[in-house]
Amino acid sequence: LIEPPADVAVQRAVDELKFLQAITVDPETGEESMTALGVHLSKLPVDCRIGKLILLGAMFGVTNDALTIAATLSYRSPFMSPLMMRDEAQEAKMSFATAQSDHLTVVNAYNQVELMGGQRFGFCRENFLSLKTVQTIAGLKRQFLEILSAAGFVRPGLRSRAVEALGRMNGGCDGVAIALEQGVQGTDVALKPLTILQGGWECGNRLCRSHNFARNIVCFRCRARKPSDSEAKSEEESTQPILKALLAAALFPQMVIVEKGKKSPILRDRAENGEKIEDSIDDGGKGKERAVLHPGCVAAKLMNLRSMKELSSKYLVYHERVRTTRVYIRDATPVSPYALILFGGGSIEVQCGGNDKIIRMDGWLGFKCPTRDHDLVMELREVLDGIMRHKIENPMSEFCGASRGIISAVKEILGMDEDGKAVSRLSVSARKGKGGGGSKSKRRRRRGRVSELEDGDLV
């Protein structure tokens, strides 16, 4: 007979939905009701955190990569690790390493497979990638895209079968990026081949002359390089900070802090009472077992044994903890303090500390910020929350000019410096600014001090 879940498990699930703002609970009657976010999440056949990542990706213009990450997390990684060839497989994985992140590394590997066209089978075999897994991820992406299209977060009429047919006619890709850029010609899957896409490029090989869409850096048919490859790389790098921030928004508070230890780095996270403790898990009454980064994690490979100099940030968000021979953190991504402050969930408290104010998130994670800049930081987060809330409630509405400006500013802040110390460039620019009077220079310097947020030591 089917047994009901334990009361503790049900309460934990309710608490998580409340934390994600998917449901609200009336304090007097205890009645639970779904929010607009909860309604959208209920239509996505994935974990609620992964669903939130999908919605945020569509809102911030990184739908394709967000869908790749979401499909991978809901299914499995395409990287294989044969028992007798683990070292070679790990070396192949590290060749795709991107931004010290397991999630973005998968995106990079997947996109490379997409560009291979008819050579993808040999490419996957050489790089220890499962082609069957890649194909499953592609199918999940199209399924998620259809749900987003029906909800109004992306262009309408993107049906899974039509997108798949579109991809087959364009080098055998999944069709998601091309559908987002160009749309599909009606709902009939018998589509005609597209002419050169907006922002796309034509292969320079006179024997090929194939039309490629903008994100391709090599021709899907003959593998010739794109005439000017630097812009494509720059565009890819510009999306990495916002993707990390969206991962922080979706996965928070599943986060650990990497701190120096006597022999090796120590992972710490939040205790049940809100205090900082070593990240550990109860071992069935036999004591506490400290969690460590999985050896296959990109961050673990790049991190020096006795320091964290190789990591762009000591804050790592992750999707799951697993127990094998030890308790391991897998699929981790380093995120900057900016990403946590602007996108992290939970309660926010402000404490005074001399000339600085301490922004404490979720009762345990503290960041120091100059008092005069605190209001500006908190106002930016409040405005950003309002923009996202309005879009969730009205997915078919377009962002107004002011909202687009705020989102662009947030992307710029996130892209300035991954470790949250971008003030040097801003302050130098302010000092070198000529003309415009003293008040304008003062405004520039004030804008620079927003970036003086320290690299969030726990206090």
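Our subject is the structure that appears above.
Residues numbered from 1 in each chain as written. Predicted model: local features only at pLDDT ≥ 70, side-chain atom pairs only at ≥ 80, totals over all residues. Heavy atoms only, no water.

(A) How the structure looks around the overall build of the protein. Along its length, the protein carries 17 helices and 15 strands. Within the span of the protein, comprising 459 residues, buried residues form 50% of the whole. At a minimum sequence separation of 6, the contacts of the protein that also span at least 24 residues come to 59%. When the accessible surface of the protein is totalled, it reaches about 23,400 Å², and 49% of it is carbon and sulfur. (Helix = DSSP H or I, 4+ residues; strand = E, 2+ residues; numbered from the N terminus. Buried < 20%, exposed > 50% of the residue type's maximum accessible area, 1.4 Å probe, protein only. Contact = heavy atoms within 4.5 Å. Areas by Shrake-Rupley, 256 points an atom, 1.4 Å probe, with all protein chains shown as cover.)

(B) Highlighting the pattern of salt bridges. A complete count under the given rule lists eight salt bridges for this structure. In this structure, Arg159 engages Glu146 in a salt bridge whose closest nitrogen and oxygen atoms are separated by 3.1 Å. Taken together, the positions of Arg159 in the loop between helix 8 (131–151) and helix 9 (160–168) and Glu146 in helix 8 put the pair 13 residues apart, joining distant regions of the chain. By relative accessible area, Arg159 is classed as partly exposed at 45%. You can call Glu146 partly exposed: its relative accessible area is 25%. Here Asp385 and Arg381 are joined by a salt bridge, their closest N and O atoms 3.7 Å apart. Of this pair, Asp385 and Arg381 both sit in helix 14 (residues 371–393), four residues apart, which is roughly one turn of that helix. (Salt bridge = Lys/Arg side-chain N within 4 Å of Asp/Glu carboxyl O.)

(C) Geometry of helix 8. With 21 residues, helix 8 should cover 30 Å at 1.5 Å per step; its first-to-last C-alpha distance of 30 Å lies within 8% of that length. Phi turns positive, to about 100 degrees, at Gly152, one or two residues after helix 8. (Expected span 1.5 Å × (residues − 1).)

(D) Seen up close, helix 4 (residues 63–74). Given a rise of 1.5 Å per residue, 12 residues ought to cover 16 Å, and the 16 Å separating the end C-alpha atoms of helix 4 matches this to within 8%. Of all the 12 residues making up helix 4, 11 are buried; the element is thus mostly covered by neighbouring parts of the structure.

(E) Examining the packing of aromatic side chains more closely. Counted by the stated rule, this structure contains five aromatic pairs. Plain terms: the ring middles of Phe19 and Phe252 are 6.3 Å apart, the flat faces sit at 20 degrees to each other, and that makes the pair stacked. With Phe19 in helix 1 (residues 7–19) and Phe252 in the loop between helix 11 (230–251) and strand 5 (255–259), this residue pair connects regions lying 233 residues apart in the sequence. The exposure class of Phe19 is partly exposed, given its relative accessible area of 24%. For the pair Phe60 and Phe343, a centre-to-centre distance of 5.7 Å together with 65 degrees between the ring planes defines the contact as edge-to-face. Here the residue Phe60 occupies a position in the loop between helix 3 (48–59) and helix 4, and Phe343 occupies one in helix 13 (residues 337–343), the gap between them amounting to 283 residues. Since its relative accessible area comes to 6%, Phe343 is described here as buried. Each residue in the set Phe79, Phe96 and Phe123 is aromatic and connected to the rest through ring pairs, giving one cluster. (Phe/Tyr/Trp six-rings, centres within 6.5 Å; stacked < 30°, edge-to-face > 60°.)

(F) A look at the packing of helix 4 against helix 6 (residues 102–114). Interaxial distance between helix 4 and helix 6 falls to 9 Å at its minimum, and their mutual angle equals 105 degrees. If you check the angle between helix 4 and helix 6, you find them roughly perpendicular. Here Asp65, Thr68, Ile69, Thr72 and Leu73 of helix 4 lie close against helix 6, whose contacting residues are His103, Leu104, Val106, Val107, Tyr110 and Asn111. Residues belonging to the contact of helix 4 with helix 6 are distributed by class as follows: six nonpolar, four polar and one charged. (Axes fitted to C-alpha atoms, helices over the stretch in contact; angles between N-to-C directions. Parallel < 35°, antiparallel > 145°, perpendicular 65-115°, else oblique. Nonpolar A, V, L, I, M, F, W, Y, C, P; charged D, E, K, R; others polar.)

(G) Representation of the nonpolar core. By size, the foremost hydrophobic cluster in this structure holds 91 residues, and its most contacted members are Phe60, Met255, Leu340, Phe343 and Leu365. Counting residues in hydrophobic clusters, the runner-up holds 14 residues, among them Val256, Cys297, Tyr318 and Ala332. (Core = buried A, V, L, I, M, F, W, Y, C linked by side-chain atoms within 4.5 Å.)

(H) Representation of unusual backbone geometry within the structure. With an omega of 10 degrees, the peptide bond between Phe252 and Pro253 qualifies as cis. Inspection of the secondary structure assignment puts Pro253 in the loop between helix 11 and strand 5. A positive phi angle is found at Ala99, which is not glycine, with a value near 55 degrees. Among the structural elements, Ala99 can be located in the loop between helix 5 (86–94) and helix 6. Exposure remark for Ala99: the relative accessible area of 24% places this residue in the partly exposed category. One non-glycine residue, Phe128, adopts positive backbone phi at about 55 degrees. Its relative accessible area of 13% is what places Phe128 among the buried residues.

(I) Structural detail: the pairing of strand 5. Counting buried positions along strand 5 yields five of five residues, so the element is predominantly enclosed. Both faces of strand 5 are covered, namely the face carrying Met255, Ile257 and Glu259 and the face carrying Val256 and Val258. Of the strand pairs in this sheet, strand 5 and strand 11 (residues 315–323) are connected by three bridges, and their pairing is antiparallel. In the sheet register, Met255 faces strand 11, and the bridge partner there is Val317. (Pairing = 2+ DSSP bridges.)

(J) View of the pairing of strand 14 (residues 356–361). For strand 14, a buried count of five out of six residues is recorded, marking the element as mostly surrounded by other parts of the structure. Alignment of strand 14 against strand 15 (residues 365–370), held across six bridges, turns out to be antiparallel. The residue bridging Met361 from the neighbouring strand is Leu365, located in strand 15.

(K) Just the environment of Ala250, in detail. Topologically, Ala250 is positioned in helix 11. Under the relative-accessibility criterion, Ala250 is labelled buried at 1%. Separated by 194 residues in the primary sequence, Ala250 and Leu56 place their C-alpha atoms 8.4 Å from one another. When sequence neighbours within four positions are dropped, the list of residues in contact with Ala250 reads Leu20, Arg49, Lys52 and Leu53.

(L) Structural detail: the layout of surface pockets. Roughly 890 Å³ of volume is contained in the second largest pocket. Taken together, 32 residues form the lining of the second largest pocket, with Ser77, Phe79, Lys93, His294 and Arg330 sitting closest to its centre. Those elements giving two or more residues to the lining of the second largest pocket turn out to be helix 4, helix 5, helix 6, strand 11 and strand 12 (327–334). With five residues, the single largest contributor to the lining of the second largest pocket is helix 5. The class makeup of the residues in the lining of the second largest pocket is 12 nonpolar, 11 polar and nine charged. (1 Å grid on protein atoms, 1.4 Å probe; cavity = no way out; pocket = protein on both sides within 12 Å on 5 of 7 lines; lining within 4 Å. Points joined across faces, edges and corners; volume = space filled by probe spheres on them.)

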